[in-house]
Structures are given as C-alpha cells and as structure tokens.
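What follows is each chain in one-letter form.
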Amino acid sequence: MADDGGVAVPLIGRVRVAGLSLEEAERAIAAEARARNLFRDPAVTVTMKEPRTSRVTVVGAVQEPGAYSLSRGNNSLMAALVSAGGLADEAAPEVEIRRAVFSPVVGAGSAHPHGQSDALPAGYHRSPGESVSVLKVNLLAPDAHPPDARQLHDGDVVYVARQPRKNVY
C-alpha cells in the first residue's frame, strides 16, 4: 500500500483501501472494476502480506524496558507490559502513556493517522502546542482508564512509575 492509502491493481488502476478491512477492500476493488466497465462480476480476494504492528516503547519500573512491536489486534497496555517482562518489584500502580498528537494541515484529509509509521503522513504536522498528550492510568482501577488508553498507538511511550522507597527503622 502506498502512503496515500491506495493500491495499484492491474487493469483497474489505483484504488483507495486505507482503513478498510480485508472484506471491505475486496468490495471496493470489485466496485471499481465494475465502475470502469472492466468486469461484470469480478471475484476479488485480498490477503494480508504482513500484519500491521504498532511499535511502542515501555520504560520505567518493568523487567525489560525497551521498544516492542505489538500486533494491531493485540496492542493493549497489558500486552505492552507483558512484552516488557511484567512489572518490576518497585513498580507503582501509576502508568503514563505519552502519545504524539497530529493535526491535519488545512485542506488535507481529515482521517487521523493512527497506525502510521514513525514518519508523519503527508498532510500532517506536529503543532507546537500539542505535540504530546499524556494519558494517566492507574493499574489498580482498570475501569477508570481513559477511553484512549485502552489501545496503544504506533509511537506511544509507556512509563511505569516507581514507588517511593519506604525505609523501616
């Protein structure tokens, strides 16, 4: 798929399939073939060559801090923490998810670029006042998570806070 979300289909030309499921992409390609009077009843099969992943970084009080690739179907906060070997003994229940915020350039498409690679998609830029949003999550109150924290996005940084040391004398 190209950066603009289109695919080049032999005989048919470019068809936009960004954000579509496999079945929706099949229908879009078949509809384009009919619209261009190339086929009356085309049978189209779309397969996933390589599953999409989200690259997230997990730091702080975890066993193995680092960058991890999570499949788009399993890109939850819990999956990221498990990938990092779980919480360290000194982990606090507070977690921060730092997420880049993208703003569309006036006149560009309105689709949000979640799931894109590290590079900004065409038509998007980082605005100085909104370059990063911080979502706070308490692992002891999972139902209180902000809705945006349920799924991680490409480029998110997960920071697990450390509990302050309590000395006993």
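How each quantity is defined
Residues numbered from 1 in each chain as written. Predicted model: local features only at pLDDT ≥ 70, side-chain atom pairs only at ≥ 80, totals over all residues. Heavy atoms only, no water. Core = buried A, V, L, I, M, F, W, Y, C linked by side-chain atoms within 4.5 Å. Buried < 20%, exposed > 50% of the residue type's maximum accessible area, 1.4 Å probe, protein only. Helix = DSSP H or I, 4+ residues; strand = E, 2+ residues; numbered from the N terminus. Contact = heavy atoms within 4.5 Å. Polar contact = N/O pair within 3.5 Å; in protein donor to acceptor, adjacent residues only side chain to side chain. Pairing = 2+ DSSP bridges. Axes fitted to C-alpha atoms, helices over the stretch in contact; angles between N-to-C directions. pLDDT = per-residue confidence, 0-100.

**Student:** For this particular structure, what's the right way to read the nonpolar core?
**Tutor:** It is characteristic of soluble globular proteins that their nonpolar side chains tend to be buried jointly. Formed by 21 residues in total, the largest nonpolar core has its most connected members in Val58, Leu77, Leu81, Ile97, Leu152, Val158 and Val160. Of all elements in the fold, only strand S3 (53-60), strand S4 (66-71), helix H2 (77-83), strand S5 (91-100), strand S8 (132-138) and strand S9 (157-162) reach the threshold of two or more residues within this core. For this core, the element with the highest residue contribution is H2, accounting for four residues. The contacts of valine 160, once residues within four sequence positions are left out, are Val59, Gly60, Ala61, Val62, Leu81, Leu87, Ala91, Ala92, Glu94 and Val95. In terms of nonpolar packing, the next biggest core, distinct from the first, is built from seven residues, Val9, Val15, Val17 and Ala33 among them.

**Student:** Which parts of the structure should I look at to understand the side chain of histidine 153?
**Tutor:** You can see histidine 153 is positioned in the loop between S8 and S9. Polar side-chain contacts of histidine 153 include one of 3.4 Å to the side chain of arginine 99.

**Student:** How do you make sense of the sheet that holds S3 when you look at a structure like this?
**Tutor:** Each strand in a sheet pairs with its neighbour through backbone hydrogen bonds, running either in the same direction (parallel) or in the opposite one (antiparallel). On the basis of which strands lie adjacent, the open sheet formed by five strands has the order S4-S3-S9-S5-S8 and mixed pairing. Here the strands that pair on one side only, and so sit at the sheet edges, are S4 and S8. The sheet shows a mean angle of 25° between the axes of neighbouring strands, direction not considered. As paired strands, S5 and S8 are joined by seven bridges and run antiparallel to one another.

**Student:** Any chance you could explain the confidence of the model for the protein here in plain terms?
**Tutor:** Residues shown with low pLDDT carry predicted positions that ought not to be read at fine detail. Here the protein averages 80 in pLDDT, while 81% of its residues score no lower than 70. Predicted confidence in the protein is weakest over strand S7 (residues 124-125), with a mean pLDDT of 44, and strongest over S9, with 95. A low-confidence stretch, residues 105-127 stays under pLDDT 50, and its non-local contacts, those more than four residues away or across chains, total 38 contacts.

**Student:** How do you make sense of the pairing of strand S1 (residues 6-9) when you look at a structure like this?
**Tutor:** Side chains on a regular strand alternate between the two faces of the sheet. Where S1 meets strand S2 (residues 13-16), four bridges bridge the pair, whose relative direction is antiparallel. Each bridged residue has a counterpart across the sheet, and for valine 9 the counterpart in S2 is glycine 13. Joining the antiparallel neighbours S1 and S2 is a turn of three residues, in which leucine 11 adopts a positive phi near 70°.

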